Amino acid sequence: MIRMLIALPALLLALPAAAALPKGFAERVETLRRQSGAPGIALAVVEKGKVTLARGWGTTKLGGTQKVDADTIFQTGSTGKAFTAAALAILVDRGKIRWDDRVIDHMPWFRMYDPWVTREITIRDLLVHRSGLGLGAGDLLFVPRGSLSRKEMVKRLAHLKPATSFRSGYAYDNILYAVAGQLIEDVSGKSWEDFMAQDVFAAGGMASATADYESRLANPNRAHPHGRVGGAVRGDGPISMLDERRVELGRAALPAGGLALSANDLARWLQIQLGQGALPDGGRLFSAAQAAEMWKGVTPMPIVPMPPSLAPLTPTFSSYALGWNVADYRGVRVIAHGGAVFGAIAYVILLPDQQVGIAGVVNAEETALLRGVIQTLVDHYLDAPDQDWPSRFDAFIDQRVTGAKAALATKRAAPAKVGPSLALDRYAGTYRDAWYGDVVVAKDKDGGLTIDFTTTPAMKGRLIHWQYDSFVTRFDDTSLEPAYVTFALDADGKVERVSMKPESPIADFSYDYQDLDLRPVGAPR
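Residues numbered from 1 in each chain as written. Predicted model: local features only at pLDDT ≥ 70, side-chain atom pairs only at ≥ 80, totals over all residues. Heavy atoms only, no water.

### Things to note about the overall build of the chain
Alright, step 1. Within the chain, the regular secondary structure consists of 13 helices and 20 strands.
Alright, step 2. Relative to the 2.2 N^0.38 estimate, which gives 24 Å for 525 residues, the radius of gyration of the chain is 23 Å and therefore close to what a compact globule would have.
Alright, step 3. Dimensions of the chain, computed from the C-alpha atoms along their principal axes, are close to 75 × 50 × 45 Å.
Alright, step 4. Of the contacts formed within the chain by residues at least 6 apart in sequence, a portion of 65% connects residues at least 24 apart.
Alright, step 5. On the chain, roughly 19600 Å² of surface is accessible, and the fraction owed to carbon and sulfur atoms is 52%. (Helix = DSSP H or I, 4+ residues; strand = E, 2+ residues; numbered from the N terminus. Rg over C-alpha atoms; globule rule 2.2 N^0.38 Å. Contact = heavy atoms within 4.5 Å. Areas by Shrake-Rupley, 256 points an atom, 1.4 Å probe, with all protein chains shown as cover.)

### Observations concerning helix H2 (residues 81-93)
Alright, step 1. The first and last C-alpha atoms of H2 sit 19 Å apart over 13 residues, in line with the 18 Å expected at 1.5 Å per residue.
Alright, step 2. Within H2, 12 of the 13 residues are buried, which leaves it mostly tucked inside the rest of the structure.
Alright, step 3. Burial in H2 covers these residues: Lys81, Ala82, Phe83, Thr84, Ala85, Ala86, Ala87, Leu88, Ala89, Ile90, Leu91 and Val92.
Alright, step 4. Gly95, located one to two residues past H2, shows a positive phi value of around 80°. (Expected span 1.5 Å × (residues − 1). Buried < 20%, exposed > 50% of the residue type's maximum accessible area, 1.4 Å probe, protein only.)

### Focus: the pairing of strand S9 (residues 325-329)
Alright, step 1. The buried fraction of S9 amounts to five of the five residues, a majority that puts the element mostly inside the structure.
Alright, step 2. As paired strands, strand S8 (residues 318-320) and S9 are joined by three bridges and run antiparallel to one another. In the strand pairing of S9, Ser319 is matched with Val326.
Alright, step 3. Connecting S8 to the antiparallel partner S9 that follows it, the hairpin turn spans four residues, and Gly323 within it adopts a positive phi of roughly 85°.
Alright, step 4. Note that S9 and strand S10 (residues 332-341) share five bridges and pair antiparallel. Paired with Val326 across the bridge in S10 is Ile335.
Alright, step 5. Hairpin remark: S9 followed by S10, antiparallel, with two residues in the connecting loop; positive phi at Arg330, about 50°. (Pairing = 2+ DSSP bridges.)

### Observations regarding the nonpolar core
One broad rule of soluble globular proteins: the nonpolar side chains tend to lie buried together.
Alright, step 1. The biggest cluster of nonpolar side chains holds 124 residues, and the ones touching the most others in it are Phe110, Leu127, Val200, Phe453 and Phe487.
Alright, step 2. For this core, the element with the highest residue contribution is H2, accounting for 10 residues.
Alright, step 3. Contacts of Phe487, omitting those with residues within four sequence positions, involve Tyr427, Tyr431, Val441, Leu463, Asp469, Phe471, Val495, Arg497 and Val498.
Alright, step 4. Phe25, Val356, Ile374 and Leu377 belong to the second-largest nonpolar core, a separate cluster that totals 29 residues. (Core = buried A, V, L, I, M, F, W, Y, C linked by side-chain atoms within 4.5 Å.)

### Focus on the sheet that holds strand S2 (residues 50-58)
Alright, step 1. Reading across the sheet, the eight strands line up as S2-S1-S12-S11-S10-S9-S8-S7 and stay open at both edges, with antiparallel pairing between neighbours. Two strands in the sheet have a free side with no partner beyond their single neighbour: S2 and strand S7 (299-300).
Alright, step 2. In this structure, strand S1 (residues 40-47) lies alongside S2, joined through eight bridges in antiparallel fashion. If you follow Gly40 over to S2, its bridge partner there is Gly58.
Alright, step 3. Each of S1 and S2 touches helix H1 (residues 25-36); the most contacted strand, S2, lies at about 35° to it. (Axes fitted to C-alpha atoms, helices over the stretch in contact; angles between N-to-C directions.)

### Quick look at the confidence of the model for the chain
Alright, step 1. Here the chain averages 94 in pLDDT, and 96% of its residues register 70 or above.
Alright, step 2. Considering only residues more than four positions removed or in separate chains, one finds that residues 1-18, a stretch of pLDDT under 50, has 103 contacts. (pLDDT = per-residue confidence, 0-100.)

### Brief notes about the packing of H2 against helix H7 (residues 175-188)
Alright, step 1. Here H2 crosses H7 at 30°, and the two axes come no closer than 10 Å. Here H2 is positioned roughly parallel relative to H7, judged by the angle of their axes. The interaxial crossing formed by H2 with H7 has left-handed handedness. Contact with H2, carried on its side by Lys81, Thr84, Ala87, Leu88 and Leu91, involves Tyr177, Ala180, Leu183, Ile184, Val187 and Ser188 of H7 and no other residues of that element. (Parallel < 35°, antiparallel > 145°, perpendicular 65-115°, else oblique. Left-handed = near helix turned anticlockwise from the far one by under 90°.)

### Things to note about the side chain of Ser262
Alright, step 1. Examined against the element boundaries, Ser262 turns out to sit in the loop between strand S6 (260-261) and helix H10 (263-274).
Alright, step 2. Not counting the four nearest positions on each side in its chain, Ser262 is found in contact with Ala70, Asp71, Thr72, Ile73 and Ser208.

### Considering the sheet that holds strand S13 (residues 429-433)
Alright, step 1. Taken in spatial order, the eight strands make up an open sheet running S19-S18-S17-S16-S15-S14-S13-S20, and their pairing is antiparallel. Each edge of the open sheet is held by one strand with a lone partner, namely strand S19 (495-502) and strand S20 (519-520).
Alright, step 2. Sheet topology places S13 next to strand S14 (residues 437-443); five bridges connect them, and they run antiparallel. Residue pairing in the sheet places Thr430 in a bridge with Val440 of S14.

Now the structure itself:
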């Protein structure tokens, strides 16, 4: 689901795999963890079918005493997309579906905005980000929270306008993985959560993995979420613990990235992936044919050159498969995916030709720590020189946050001293977007304006005048990304529509305010 910076490509040198962890590796991870301020990190490494590493460092929460171990579960974000793809692969093996079946053949009630796309979109299309929807389209239905059922959220797709033509290009989305989760339920008769728990985790030997919030919260050996949310932009300021219930993404979107796994679970997953679906102790989770299908690149991804410090990570090709990114570097094939939810990040990378898999999780939004450590391991297993990846990633993240703070400060310093055009009570009203629902603007007892995103629990706060007929949100929950809210007036000076965009230049794409087209409900004021 939310990728943040974790989705940077991880691309490597084509050299033989080594047989052991780097000397002093455990001590180095602990040093880096302390330097980053992250409470905990866990890693899993598999080489040639054997578990080389499955352990944790640090604590489950800031200031706590409970140690992270190999059974501590962490939220893993969009790395869960590969698990949803695997669940579908199991149904393919059972003869219940085929990858190129049309979605409406299994969900006759399903609708996209374009009737032709409704008729043609396949199960494979749900997984490969080529539907024509824009980047993160519809994510505001479940980010930062959500109240809709999965089926209701899927039905809202009928109102979500495409950004490009069907199958014409790549744009990452989460909402179609929710459709995949609903399809699993409609085909199997089990909820996605139950199918994952019984047919994927239990069948695959991932003993502590969870696919629902209740199971995760019931496990005392769980990592708590942390982030830097007290500064000018997210990622600035000190690390603090987040309220794990307030940062839960909407449950409807769990198939896009709502799993929690331990280092032991991740090691098992790496063994299954590198074994082409075979279980380490005999039997199969899915067939070798489906394993090959899931790693087959489908949608070409644009090649964006990395900044100089990360230039070696720029691929020569990149494509999206079924829940995985597929890329290369100097002939080395890389199968990988990142994941991020509020307060936690994850990364999984497979080197199939070297029979090496690495997975890592951190209970804080510390990309430099996780990607730096994993890239160090990757280079080690390819016998490449140590390039101090933690420092490289740290410099990149610092530059990104510093640049965003400067840009935001410049913008805040010079608003036009014009407006608002109307008395504040004339902006009040209910505004409706066809796919999101209602946003309510009201006057408070002090005479100011408030805003309430009614589809999103506890997403409310004040509207502060910015310039002209634009305001900026100041949410009660200060961890939420603020938005500019602009009221467009008709020729009679009445509000005709409302548009939005994120205030922060580095706001996560899942805050897709810009996709809202809000219109007054009832007569304009």
